Amino acid sequence: MASQNNLNKMQLRQNYRNFWHTDLMSTIQADFPYCCFSFWCGPCVSYMLRKRALYNDMSRYVCCAGYLPCSGRCGESRCPEFCLCTEVFLCFGNSVASTRFLLQDEFNIQTTQCDNCIIGFMFCLQQVACIFSIVAMIVGSEEIQEASQILSCLSDCVYLTVCACMQTQHKIEMDKRDGKFGPPSAMAVPPIQTMSRIDQPTPPLVGYPPQPAYGQPYGYPPPQSQGYPPAGYPPQPAYPPAGYPR
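What you see is a predicted model; the values in this text were computed from it and never measured.

Rules used in this analysis
- Residues numbered from 1 in each chain as written.
- Predicted model: local features only at pLDDT ≥ 70, side-chain atom pairs only at ≥ 80, totals over all residues.
- Heavy atoms only, no water.
- Core = buried A, V, L, I, M, F, W, Y, C linked by side-chain atoms within 4.5 Å.
- Buried < 20%, exposed > 50% of the residue type's maximum accessible area, 1.4 Å probe, protein only.
- Helix = DSSP H or I, 4+ residues; strand = E, 2+ residues; numbered from the N terminus.
- Contact = heavy atoms within 4.5 Å.
- Patch = residues over 30% accessible without salt bridge, like charges linked within 9 Å, V, L, I, M, F, W, Y side chains within 5 Å.
- Areas by Shrake-Rupley, 256 points an atom, 1.4 Å probe, with all protein chains shown as cover.
- Salt bridge = Lys/Arg side-chain N within 4 Å of Asp/Glu carboxyl O.
- pLDDT = per-residue confidence, 0-100.

Engineer: What's the story with the nonpolar core in this structure? I'm lost.
Structural biologist: Counting 15 residues, the largest nonpolar core has Leu24, Ile119, Met122, Val158, Val162 and Met166 as its most contacted members. Secondary-structure elements contributing two or more residues to this core are α6 (92-107), α7 (113-139) and α8 (142-177). If one sorts the elements of this core by residue count, α8 sits on top with seven residues. Ignoring sequence-local partners within four residues, the contact set of Met166 consists of Leu24, Val96, Arg100 and Ile119. By size, the runner-up hydrophobic cluster in this structure holds nine residues, among which are Tyr61, Cys83, Leu84 and Val88.

Okay, here's the thing in structure tokens:
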């Protein structure tokens, strides 16, 4: 049941319409000091970001944000701080991903195709490095062993870099949530309007669809030469009246 609920949530995230304030490619430029801090102290940053994502209310904490089968079964209610420390140090990747899912579900944020490609490349590189390590252990070839070590080192660097960028992305998103970029504008700039002039047959439409005509078209009344006014009404005086200076 839990796995089915998580699958439904993953499918629901594909229909989200909001975007991250900063994509993974721009996080280094957006907040370079924090990105470096996330690279060298990833577990500490993951602890702080999860606590901040919960609005510093640790009574709401659940292991891996409720996205794994172990969630809710690790004694989180008795000692949430200790459980969170254990999660970020022993399951660092899951802690970063859980915070990401938590923010996505709260703010209806979808991941762009570019971000998905970067995360997918990271996972694929880890799988290739693992396969090379197994093959090198079975075959015993020095060349394959050396290649597996290079791939493992490369995959670790990519993994730490992507996780640092993801955590910086989460931090920037929560800065936006907490109003550190300034409060959102309450009123939008109105569209440019055109004033109605006497020589226009109808007033201009400003942002509204045309209304259906009922009987006589909307506009100024037709001249008397076209049968106006209707029968039974006295004729209207000419405008301007006689003697009025032109």
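More follows now that the structure is in view.
Engineer: Sorry if this is basic, but what is going on with the environment of Cys70 here?
Structural biologist: As for its placement among the helices and strands, Cys70 is situated in the loop between α4 (42-53) and α5 (80-90). When residues no more than four places from it in sequence are discounted, the contact partners of Cys70 are Cys63 and Glu76.

Engineer: Help me out: how do you make sense of a nonpolar patch on the surface in this one?
Structural biologist: A grouping of Ile131, Ile134, Val135, Met137, Ile138 and Val139 is seen on the molecular surface, where their side chains present a nonpolar patch of about 610 Å² in accessible area. When you line up the elements, Val135 lands in helix α7. With relative accessibility at 34%, the residue Val135 sits in the partly exposed group.

Engineer: When you look at unusual backbone geometry in this model, what are you seeing that I'm missing?
Structural biologist: Phi is mostly negative for residues that are not glycine, and the peptide bonds are mostly trans. Of note, Cys64 is a non-glycine position whose phi angle comes to about 55°, a positive value. A positive phi angle, near 55°, is found at Asn108, a position not held by glycine.

Engineer: Can you help me understand the confidence of the model for the protein in this one?
Structural biologist: The predicted coordinates of low-pLDDT regions are not to be read in fine detail. Overall, the predicted model of the protein reaches an average pLDDT of 78, with 70% of residues at or above 70. The least confident element of the protein, judged by mean pLDDT, is helix α1 (residues 2-13) at 67; the most confident is α4 at 96. A low-confidence stretch, residues 185-226 (pLDDT under 50), is modelled with 21 contacts involving residues beyond four sequence positions or located in other chains.

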